[in-house]
Structure formats: structure tokens, C-alpha cells
Amino acid sequence: DLSTQIAGTQLDSYLMNASGPKCTTWDELHTIALSNSAAVVTKSCTIESREGNPEPRYQNLPLGSIQSMGLPNLGYKAYLEMVPQLKALGKPVIVSVSGFSVEDNIEMVTAFQNSDVDLIEVNFSCPNIPGKAQVAYDFEQTDQALAAITALGNKPIGIKLAPYFDMSHFIAVANIIKKYPVKFITCINSIGNTLVIDPHTEQPIIKPKGGFGGLCGDYIKPIGLANVRAFRELLDDDVQIIGVGGIKTGIDAFEYLLAGADAVQIATCFEKEGEACFERIESELAEFMQSKNYQCIADAKGKLKPL
Ligand code: DHB
């Protein structure tokens, strides 16, 4: 039994899509709703619709991907309108909002608070907007944004965090989160502002920001695991954790479970493999857990053993 729950929302399995790949248009979201993803997570939205950054802006890599999409999306009102139709397809709906200011996030969170969505994930970590810092790396801004957006209604609010690399940063962020009724955190986003160079052409492989983009996939799994583990140890149990970063097999998902993730999201693997990945990874996870005699998610959650 791989069922779980996030902030009171029941999920039929441990896996769902991550905000990012193939979750921008109605057709894409409809495909996710009909797949084995436990929920439908929407592409991060902004106040107005956006074309995003110039192409090429996504490239596969041997062990993952690099991307600088630049928040292409239909604008939040389009997703607000889709909520009833998405909900009618029978699974939980999680919206991702990614405003360019606290005011933008207040407007969008207020609108979704008055909708039928199950959970609201506020993205503090988009690395790909030229000239815009990632909120999650500015602790004062993170604190102020949380004060504003957690006071707008009763639907559970979560935040999508950037990866951190220093224990002092885990502690600082956890202490800010503890001040507010944040119900879940999703970690990690891509590792921002990495550079992949093609030695033959002597050029970067993506166009935006001189080639700087978010690194995703296998490369980032150890960072994702560390972030989930660190926050699981620092936060109280009433803050749940959605793990993301480099999950492409059932065993990857199991590692996130040991680190303490209440559920996981899949981005690069979904981009590369399509929606069949959800059923495959789910059955691999079920099989691996069965081989270890674990009956349910709670049996292994957070139970990383000391070496
Ligand atoms: C984009 C990338 C991100 O990592 C994110 O969190 C939001 C948006 C993007 O480039 O579209």
C-alpha cells in the first residue's frame, strides 16, 4: 500500500508529477490526470501569461537535463478556470504559483484559496528569470513572503525550496518556516545557474542567460536527499515534505522515503519517459518494499539507519 497524504489531502500513491515538465496546457494536465500520478501538479504560474525564454531552453544530458524555461505558462486565471474540470477527473489538484513579487503571490494565492484546489505550492526558487533573485536564497524576503501568503485562507500552503548546501542555511530556513503555518515544503528545485558547454561548438547548450540554467535529474539526487533529510530533522512533524530531484526508479523513491519524504515528485524522468513513468516507478517501489517486508509508507518513512 503506497498511499500517503499531504496536509490532509489523501494520495493514492507516493508519486506525482513535479511542477515543470508537461503540465502547462489543458491537454498536458489532462494526460497527468489520467496517468498513475497521485495528483495533478500545474506548471508554476504568473499573473500574466508568458512565452518564456528563447530556445533552445531545455536539453537532455546523459544523467539528467538542464533548463532555463523562463516560466512559460498560461497565466493564473487560465489555471483557476481549469480547476473544476481537473478536479472532475478525480484526483487531487496542486497548483504552483510563482509571482515576481509578494503582491503577485498574494493575488494568486487569494484567488486559489477561493477555488477548489487541494493544495497551493508557492515557488520560492525559480532560477531562470534574468535579473530576479531566487526568493529562497534571500531569507528576509522568504520571511516576509511567508508572513503574507500564509494569512490568506484555510487551504494548506506549501513552498518549493531551492537546494541548500550549508547546515547554517538549513537551520535558518527551518527557523523561518517554524514561524508560520506552512503545511508542507517541496524540496528541491533544480540547482540554479549551472553551465553545460559543448566543446565541439565551443558554445553553451541552452540560449538564455548565456547558457546558465537549472540542473536536474540524476546529478541532483544526493542534494535532494540531503535537503529532505536535513529539513525532516529540523522541522516539526506537522510540516510535511515532498521530495524531488533525480527520481527515476522505485529505489530512488525509496531512498527519499528513508530520508523522510511524505511523497515524491518526478520531473526529468517524466519529461524523458512520459506518463508511463508513474506506473513503472510505483510498481518498482512496491516490489522493493515488498522484498524488504515493508507494508506501507509509514513503515520506512524517515527510518534512515545510522552507519
Ligand atoms: C522555471 C524553472 C524553475 O526551476 C522553477 O521553479 C519555475 C520555473 C522555468 O524556467 O520556467
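See above for the structure.
Residues numbered from 1 in each chain as written. Predicted model: local features only at pLDDT ≥ 70, side-chain atom pairs only at ≥ 80, totals over all residues. Heavy atoms only, no water.

S.K.: Please explain helix α3 (residues 102–113) as it appears in this structure.
M.R.: In an α-helix there are 3.6 residues to a turn, and that puts residues three or four apart on one side. If you check α3, its first and last C-alpha atoms are 16 Å apart, about what 12 residues at 1.5 Å a residue would give, namely 16 Å. Burial in α3 covers these residues: D104, N105, M108, V109, A111, F112 and Q113. Structurally, α3 contributes buried residues whose contacts are with α2 (76–87), β7 (93–97), β8 (119–123), α4 (139–149) and β9 (157–160). (Helix = DSSP H or I, 4+ residues; strand = E, 2+ residues; numbered from the N terminus. Expected span 1.5 Å × (residues − 1). Buried < 20%, exposed > 50% of the residue type's maximum accessible area, 1.4 Å probe, protein only. Contact = heavy atoms within 4.5 Å.)

S.K.: Sorry if this is basic, but what is going on with the site of the ligand here?
M.R.: The ligand sits among K43, Q67, M69, G70, L71, P72, N123, C126, P127, N128, N189 and S190. Here an oxygen atom of the ligand sits 2.7 Å away from a polar atom, N or O, in the side chain of N123. Taken by itself the ligand offers 300 Å² of open surface, and the protein chains cover 94% of this. When atoms are counted within 2 Å of each cavity's grid points, the one that captures over half of the ligand is the largest pocket. Taken together, the residues that form the shell around the ligand break down as five nonpolar, six polar and one charged. (Near = heavy atom within 4 Å. Polar contact = N/O pair within 3.5 Å; in protein donor to acceptor, adjacent residues only side chain to side chain. Areas by Shrake-Rupley, 256 points an atom, 1.4 Å probe, with all protein chains shown as cover. 1 Å grid on protein atoms, 1.4 Å probe; cavity = no way out; pocket = protein on both sides within 12 Å on 5 of 7 lines; lining within 4 Å. Sits in = over half its atoms within 2 Å of the grid points. Nonpolar A, V, L, I, M, F, W, Y, C, P; charged D, E, K, R; others polar.)

S.K.: Help me out: how do you make sense of the sheet that holds strand β5 (residues 58–61) in this one?
M.R.: Strand order in the open sheet formed by four strands is β5-β6-β14-β11, with antiparallel pairing between adjacent strands. What marks the edges here is a single partner per strand, and that holds for β5 and β11 (191–195). The mean inter-strand angle of the sheet, taken between neighbouring strand axes irrespective of direction, is 40°. In this sheet, strand β14 (residues 212–217) lies alongside strand β6 (residues 64–67) in antiparallel orientation, the contact comprising four bridges. When the sheet's bridge partners are listed, Q67 is paired in β14 with G214. (Pairing = 2+ DSSP bridges. Axes fitted to C-alpha atoms, helices over the stretch in contact; angles between N-to-C directions.)

S.K.: Got a minute to help me understand unusual backbone geometry in this structure?
M.R.: Leaving glycine aside, a negative phi is the common case for residues, and trans is the common case for peptide bonds. Cis rather than trans, the peptide bond between E55 and P56 has omega equal to 0°. With respect to the element layout, P56 can be found in the loop between β4 (40–41) and β5. The peptide bond linking C187 to I188 adopts the cis configuration, its omega dihedral lying at 20°. Following the sequence through the fold, I188 ends up in the loop between β10 (184–187) and β11. The backbone of K22 sits at a positive phi, close to 50°, despite the residue not being glycine. With respect to the helices and strands, the residue K22 is situated in the loop between β3 (15–17) and α1 (26–34). With phi around 60°, L71 is a residue other than glycine that occupies positive phi space. Inspection of the secondary structure puts L71 in the loop between β6 and α2. The buried category is assigned to L71, whose relative accessible area is 4%.

S.K.: Help me out: how do you make sense of the packing of aromatic side chains in this one?
M.R.: Geometrically, a pair of aromatic rings is defined through the distance of the ring centres and the angle of the planes. Per the stated rule, a full pass over the model turns up nine aromatic pairs. Seen in terms of ring centroids, Y76 and F112 are 6.3 Å apart; in terms of plane orientation they differ by 65°. Their pairing is edge-to-face. In this pair, Y76 sits in helix α2 while F112 sits in helix α3, placing the two residues 36 residues apart along the sequence. Taken together, a centroid distance of 5.1 Å and an interplanar angle of 50° make the contact between F270 and F278 tilted. Relative accessible area serves as the criterion here: at 2%, F270 is assigned to the buried category. (Phe/Tyr/Trp six-rings, centres within 6.5 Å; stacked < 30°, edge-to-face > 60°.)

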